[in-house]
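An overview of the molecular structure
Each chain, written out:
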Amino acid sequence: YSNWAERTVITDSLPCFAPTDLQVTATGFGTVTLDWTIGSVETEWVVNVFRSDANIMDTVSAHPATISGLYAGMEYSASVQAKCGGGAIYSDWSDTITFTTNVCEPVTNVEVSEITSSSVKVDWTPAAGSNAWQISYGEMDFTEGQGSVIDVNAHPYVVNGLESNFYYDVYVRTKCDESSYSVWSSVVQFQTTNDGIADIDGADINIYPNPTSGNTTISVSGA
């Protein structure tokens, strides 16, 4: 054999094409499902979901892909790029699309009843399709978020452990998933009774003789 002839060659960059036809296939209260057409034979992609005050970037190995951690009722933008050559190079970003997550609808008509010295029954009209809620209660005029909060899955609901003869505020909101909630309802205020003894309404009270320098009689009727 002769001696070897030599020449140096440099390979071109691996072709890595941007995904196309990016679209939303489903939205939740805190999630979005995206799908796209792949550019070549890549098997990993970087998905970027963002708005002015938040940015979520996730690497996925399948599509459609569901991205979580979003807020309900918010508008977001999204784009995707391919990872090629085991992550050695990246494609350009796809076109950007916008979408809005589902709105977590609030409850209406919050009311209280059956008030005792230590409990109150709270009821409301739920939003269509909802089955979980939060009740927040505390001393009248408490700062939102600093009251006691109860997760409930049925209504009406009896709140126990209240203080006797005490003024309370109560709010209710819809819990759509583990990270998505509606706005709080309007406040409802109530006062617990005095150790189970109800106030007297509509009674007639007379004191005689009045004035007196000795005994007097207190007459109560209609109680």
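Residues numbered from 1 in each chain as written. Predicted model: local features only at pLDDT ≥ 70, side-chain atom pairs only at ≥ 80, totals over all residues. Heavy atoms only, no water.

**What to know about the sheet that holds strand β2 (residues 32–37)**
- In spatial order, the strands read β1-β2-β5; together these three strands make up an open sheet with antiparallel pairing. Only two strands of the sheet have a single neighbouring strand rather than two, namely β1 (20–27) and β5 (65–67). Across the sheet, the mean angle from the axis of one strand to that of its neighbour is 30°, orientation sign disregarded.
- Where β2 and β5 come together, three bridges link them in antiparallel fashion. Within β5, the position partnered with Val 32 by the bridge is Ile 67. (Pairing = 2+ DSSP bridges. Helix = DSSP H or I, 4+ residues; strand = E, 2+ residues; numbered from the N terminus. Axes fitted to C-alpha atoms, helices over the stretch in contact; angles between N-to-C directions.)

**Observations regarding the pattern of salt bridges**
- Overall, the coordinates contain five salt bridges when judged by the stated rule.
- A salt bridge links Arg 51 to Asp 53; the nearest nitrogen and oxygen atoms lie 2.7 Å apart.
- Relative accessible area serves as the criterion here: at 25%, Arg 51 is assigned to the partly exposed category.
- A salt bridge links Lys 121 to Glu 114; the nearest nitrogen and oxygen atoms lie 2.9 Å apart.
- You can call Lys 121 partly exposed: its relative accessible area is 22%.
- Residue Glu 114 is classed as exposed on the basis of its relative accessible area, which comes to 56%.
- Among the ionic contacts, a cluster of salt bridges with common partners joins Asp 151, Lys 175 and Glu 178. (Salt bridge = Lys/Arg side-chain N within 4 Å of Asp/Glu carboxyl O. Buried < 20%, exposed > 50% of the residue type's maximum accessible area, 1.4 Å probe, protein only.)

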